[in-house]
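Chain by chain, the residues:
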Amino acid sequence: MGEPNFALPEAKQVLYQPAGGRRLFSDPDADAAREYFHNKSRKKVDKTTTAAEAVARLVSDGDYLGVGGFGANRIPTAILHEIVRQHKKNLGLAGHTATHDFQILVAGRCVNRCDVAYVIGLEARGLSKRARQAVESGEIEITEWTNAALAWRYKAAAMGVSFIPARCMLGTDTVQYSAAVEMECPFTGKKYLALPALYPDVGVIHVHRADVYGNCQIDGIMVSDFDLARASKRLIITTEQLIPEEMIRRAPDRTAIPYYLVDAVVEVPYGSYPGNMAYMYYSDEEHLQEWLQAEQDPKTLADFIERNIYGVPDFWSYLMLNGGPARLAGLRHQETLLEK
Amino acid sequence: MGEPNFALPEAKQVLYQPAGGRRLFSDPDADAAREYFHNKSRKKVDKTTTAAEAVARLVSDGDYLGVGGFGANRIPTAILHEIVRQHKKNLGLAGHTATHDFQILVAGRCVNRCDVAYVIGLEARGLSKRARQAVESGEIEITEWTNAALAWRYKAAAMGVSFIPARCMLGTDTVQYSAAVEMECPFTGKKYLALPALYPDVGVIHVHRADVYGNCQIDGIMVSDFDLARASKRLIITTEQLIPEEMIRRAPDRTAIPYYLVDAVVEVPYGSYPGNMAYMYYSDEEHLQEWLQAEQDPKTLADFIERNIYGVPDFWSYLMLNGGPARLAGLRHQETLLEK
Amino acid sequence: MSYNRMELMISLASRFLEDESIVVVGTGAPCAAAMLAQTLYAPNLMIMFEAGGIGPLLPSMPISVGDSRTFYRALAASSMPEIMETCQRGMVDYTFLGGAQIDMYGNINSTMIGSDYSRPKVRFPGSGGANDLASFCWRTMMITVQDARRFTNKIDFITSPGYLTGKGAREAAGLPPGSGPYKVITDLGVLGFDAETKRMQVESIHPGITREQIAANTGFELLWSPDLDTSEPPTEQELAVLREKVDPYRYIIGRS
Amino acid sequence: MSYNRMELMISLASRFLEDESIVVVGTGAPCAAAMLAQTLYAPNLMIMFEAGGIGPLLPSMPISVGDSRTFYRALAASSMPEIMETCQRGMVDYTFLGGAQIDMYGNINSTMIGSDYSRPKVRFPGSGGANDLASFCWRTMMITVQDARRFTNKIDFITSPGYLTGKGAREAAGLPPGSGPYKVITDLGVLGFDAETKRMQVESIHPGITREQIAANTGFELLWSPDLDTSEPPTEQELAVLREKVDPYRYIIGRS
């Protein structure tokens, strides 16, 4: 086999063409983010706190939010409820398959803008009437993306660059309602889409295990949380269980999120309920259907949210209200296939 | 906190300026790679074979090689020796901290071009006289990069895009002797360096455990092997141990390399020797010093390579030649701190 | 043996999946078709889910493409970027999409109905991973009921790319060459795409369905394959596997 | 208590590392300085190695930045991209570089000696991760012996960026603002960089060393800090920790 030769490109003028006219909801500038990260504390201290304190301290009206997991799988429900309970307003959201998480936040009217890949639907469960109404009415301003585009926008931020090239969205209306830019590859001259880095003001991720400093282990799929954790300016962790640092040090290649990224650690057993938590408990489909049903009428929804969120002091009360230990045991057995 | 607004860029002409005049040794085109991957077999079959057969079948003269691990840590020594033993010629190499691996290949005069981040040196062990001579004499053509640049060039290929932006190398002579292109961010207008995707013809990676299909587990640091495995058109795996598929399925989040990337699996206990294998055995510093000493004179080097590579039929014979079980036991105890 | 239209569509879809290939599926009918294919035709068909599941031994129908069933005893539990990058790299052979509208070039709408984007008559979830999969995977398939509202060239929003405006349009737009729509399996027939024009073309008509019915239920002019065929109905074996193994609770096959 | 120049340089370097900061180090003196700092001054100094080690409990001096000591009982065993991206993102405060030549703006050569790139008099390993770390980390430090050949403006190859041609040059080149050379610790003194001109400036002179000696061992004109000081020699405590804990086999401190 001969040895191929690949000519270097000549210097050339190329066109950067905005492909979509929609609004960019967050600053992609890597230098602005570097300034923030420069001043971010690297203190390795006990960061355990309550959901109420974490949300009060770390989430402000107008912030842009990135939520970990995948819709109704490994989601930080306790923090989402607390954001509603504290009446946070005008939040931006990355709609990277945001299903039950989106449903919770719109029930509280907390969101006014959203980078949408997938919202409104709950996958095979059906559509959220309230979420659909919030988007159709214009209550929430939308810019269109895709799951890969949002995943890569997180990745660009995690890498510390302000953009990243991709080959999706091209040629469709999706790109025309995005904020992406068409460009070309400096080496091949082929058309690419430039995606802007996405640095959320606040990231919220639920994990299987964390120590008090915020070193985290996640079992099963990571979805986009590896990059979300690194892209987020502030990061709130909820964990099924607090573990000693010693357990982190015994398996360092299992550390998905190191402590210096983390601003708060909240221990929340069953913290993904009514969502699924891999290897621990399955999603509570009855409760999710109850929620979808309650949305059929604004009054019943208001009562439902009053009862499940505003009316309870914390997440544990919400668990007790919806079946408590017996129900949770059933979900554990479903997850481990002891029950179908 | 108010809600910021980030104006979209206008359409504009920008300049792509080649920052370095050196040669690109591999094709960055993502479509050419897609065509290759389109035709790559997805057969889930027993891929176990010998180092000799794997090299004979999968490595051709002129191929571009990517070697896993980090210089003298978790390196696929058996395959490197076999490439020398089979007198492969005119290979390209990614010099992504290539230390003992580079030393082996230049001893066999197998390499004629190299993307250099770090070669010649063996870190704290000193410099390889033979490697230095091979580079100084022009025997090996060089293009300059950095460790991050080569890691990201693998990542671009693994992502399936022909380039990726970075902020290193700028302003230095390193970039002037590279094949990178200066460009600007479509969103911030700031200067970035575009790195071309690096798709090796052949990747070679040593792992802790693999099943016969090529599903692999790696303990400790990954270095750049996650992306190298995905960027490589053909992939040879050597493994300390073959394990049943069942063990892969019991811990799917530990699978670093899935079978469909892999073309050959070779079981090679102590396969990183004389390099370090995390949690198993430490590097054989005496043997590495012996090698560096042998290089002081071409004749002694020729004898050394004759004895250790050409003169032995396989890797096991090489291990026996250099102390065998007793030596390996010592290295195991060093690694586990039973001996200092 | 009697069967319903969902059982028919799933059985037909399963026959198009070659062994030793890789498919990314969602929940529902596509997942059922892939599971059926694995059981009868393609034992080494590798199933991926966009949230990260790779090669699971599916114990039951997942309700989410990210739930724990999608990586139950899997070969790998990875991530969204890993799956999407594997697709963009060119390693994924098939995918299945759904949608509210599809036009004669296989462009799909799963975003909105209406003429004003900012005030849609009906808003749908959006692309999710659909646009990505339609852009990257070699062969895109669709399982859907067929009617003139759904099969229309007056598509309100192109969420995911088919052949866009015809031959060469994907490449001109910057999408990877050689990829695109492959089969559309409906309750009336199986439709492919003409190699020259990239327009939708009827390849087989289901038993008991007439050519006129298909035309009447399509909002644009269809091409007809020169070797137009009658669809092979589900075999007893296919129905047995579907009903007993793949979907015993009739989550999907109970829908029609 | 007597000490050698290596012990002096390592002790001085260790005092510049603030607690609760993050440093990427290589093997040798920088690693020793970081370990010394952890023991005496900065218990929560977080050490990273470019191949992926994060926060290890170093049992001994690593011989490679990728060997298993670099992630022994670590907080994370990650990857090269993870470390480099953490640096590029702006999370890493300090790094240490070595080199064959350094100029008055702190630009470093670790690639080659000679005037013809294609036929170098002497070829060195090259950047490795040095250029990356010098580009991304907030404060770059160097531990080196000082002589006029090494400290020269006739630098044959700029491998890693210092302040390039002076104030604003890094930013103009596209490098992240606010980063750059911080301290150069030699066997003669401690050198910093003037805020205005970004030129190398002597901040302290080691005991027994004269201003003339430093000038004579520098190939370019040095600036002298207005509050020029005498370096504080290693304390007994520093020497004890260095000799008994950090480097008992004198791998590094035995070199001078």
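Predicted, not measured: the structure shown is a model, and the values here were computed from it.

Regarding its fold elements, chain A presents 13 helices and 13 strands. Computed over the C-alpha atoms, the radius of gyration of chain A is 21 Å, within 12% of the 20 Å expected from 2.2 N^0.38 for a compact globule of 340 residues. Considering only C-alpha atoms, chain A reaches an extent of 70 × 50 × 45 Å along its principal axes. For chain A, with 340 residues in total, the buried portion stands at 69%. In chain A, the proportion of contacts linking residues at least 24 apart, taken out of those at least 6 apart, comes to 77%. Taking the 37 positively charged and 43 negatively charged side chains of chain A as two groups, their mean positions are separated by 2 Å.

A word on the packing of helix 6 (residues 147-159) of chain A against helix 3 (residues 80-89) of chain D. Packed helices, taken two at a time, are described by the angle between their axes plus the distance between the axes. As a packed pair, helix 6 of chain A and helix 3 of chain D sit with axes 7 Å apart at the nearest point and diverge in direction by 80°. Overall, the two elements helix 6 of chain A and helix 3 of chain D adopt an arrangement that is roughly perpendicular. Mapping the contact onto sequence places Ala157, Ala158 and Met159 of chain A in helix 6 of chain A and Glu85, Gln88 and Arg89 of chain D in helix 3 of chain D. Taken together, the residues that form the contact of helix 6 of chain A with helix 3 of chain D break down as 3 nonpolar, 1 polar and 2 charged.

Here we come to the relation of the copies chain B and chain A. Turning chain B through 180° and shifting it by 0.0 Å along the axis lays it on chain A, with an RMSD of 0.0 Å. On this basis, the relationship between the two copies can be described by a two-fold rotation axis. When C-alpha distances to the rotation axis are compared across chain B, the minimum falls at Val14 of chain B, with a value of 2.7 Å. The fraction of interface residues of chain B whose copies in chain A are also interface residues reaches 100%, indicating that both copies meet through the same surface.

Right, let's get into the interface of chain D and chain B. Between chain D and chain B, the residue contacts involve 55 residues of the former and 57 residues of the latter. Here chain D and chain B share an interface that buries about 4,300 Å² over both sides, 56% of which is from carbon and sulfur atoms. Our enumeration of links across chain D and chain B arrives at 3 salt bridges. For the salt bridge of Arg123 of chain D with Glu144 of chain B, the shortest nitrogen-to-oxygen distance reads 2.5 Å. Our count for the contact surface shared by chain D and chain B stands at 31 residue pairs in polar contact (both at pLDDT 80 or more). When residues of the side of chain D that touches chain B are traced back to their parent elements, those giving at least two are helix 3, strand 9 (122-123), helix 4 (130-136) and helix 5 (169-173) of chain D. A total of 5 residues in the side of chain D that touches chain B trace back to one element, the largest contributor, which is helix 3 of chain D.

On to helix 3 (residues 77-85) of chain B, then. All names here are of chain B. With 9 of 9 residues buried, helix 3 is to be regarded as a mostly interior element. The complete set of buried residues in helix 3 reads Thr77, Ala78, Ile79, Leu80, His81, Glu82, Ile83, Val84 and Arg85. Just beyond helix 3, the residue with positive phi is His87, at close to 55°.

In this section: the sheet that holds strand 7 (residues 181-184) of chain A. If you walk across this open sheet you meet the 8 strands as 6(A)-8(A)-7(A)-1(A)-1(B)-7(B)-8(B)-6(B), and the pairing is antiparallel. For this open sheet the edge positions go to strand 6 (163-166) of chain A together with strand 6 (163-166) of chain B, each flanked by a neighbour on one side alone. Neighbour to neighbour, the strand axes of the sheet diverge by 35° on average, direction disregarded. Inspection of the sheet shows strand 6 of chain B paired to strand 8 (residues 191-196) of chain B by 4 bridges, in the antiparallel sense. Each residue of the ladder has a partner; that of Phe163 of chain B, found in strand 8 of chain B, is Pro196 of chain B. Where helix 6 of chain A meets the sheet, it contacts strand 6 and strand 8 (191-196) of chain A together with strand 6 of chain B, and its direction lies at approximately 140° from that of strand 6 of chain A.

According to the stated counting rule, one finds 82 salt bridges over all chains in the structure shown. The partner of Arg209 of chain B in a salt bridge is Asp219 of chain B, and the shortest N-O contact between them spans 2.6 Å. One end of the pair, Arg209 of chain B, is in strand 9 (residues 202-210); the other, Asp219 of chain B, is in the loop between strand 10 (216-217) and helix 8 (225-231), and 10 residues separate them in sequence. As far as burial versus exposure is concerned, Arg209 of chain B and Asp219 of chain B are alike and both buried. Notably, a salt bridge pairs Arg149 of chain C with Asp147 of chain C, separated by 3.8 Å at the nearest N-O pair.

Take the environment of Leu319 of chain A next. All names here are of chain A. Along the chain, the position of Leu319 falls in helix 12 (residues 315-321). Classification of Leu319 by relative accessible area gives buried; the value is 1%. Separated by 46 residues in the primary sequence, Leu319 and Tyr273 place their C-alpha atoms 7.9 Å from one another. Leaving out residues up to four positions away in the same chain, Leu319 has contacts with Pro269, Tyr270, Tyr273, Gly324 and Leu328.

The rules behind the values
Residues numbered from 1 in each chain as written. Chains lettered and ligands numbered in written order. Predicted model: local features only at pLDDT ≥ 70, side-chain atom pairs only at ≥ 80, totals over all residues. Heavy atoms only, no water. Helix = DSSP H or I, 4+ residues; strand = E, 2+ residues; numbered from the N terminus. Rg over C-alpha atoms; globule rule 2.2 N^0.38 Å. Buried < 20%, exposed > 50% of the residue type's maximum accessible area, 1.4 Å probe, protein only. Contact = heavy atoms within 4.5 Å. Lys, Arg positive; Asp, Glu negative; His and termini not counted. Charge placed at Lys NZ, Arg CZ, Asp CG, Glu CD. Axes fitted to C-alpha atoms, helices over the stretch in contact; angles between N-to-C directions. Parallel < 35°, antiparallel > 145°, perpendicular 65-115°, else oblique. Nonpolar A, V, L, I, M, F, W, Y, C, P; charged D, E, K, R; others polar. Least-squares fit on C-alpha atoms with pLDDT ≥ 70 in both. Buried area = accessible area lost by both parts, 1.4 Å probe. Salt bridge = Lys/Arg side-chain N within 4 Å of Asp/Glu carboxyl O. Polar contact = N/O pair within 3.5 Å; in protein donor to acceptor, adjacent residues only side chain to side chain. Pairing = 2+ DSSP bridges.

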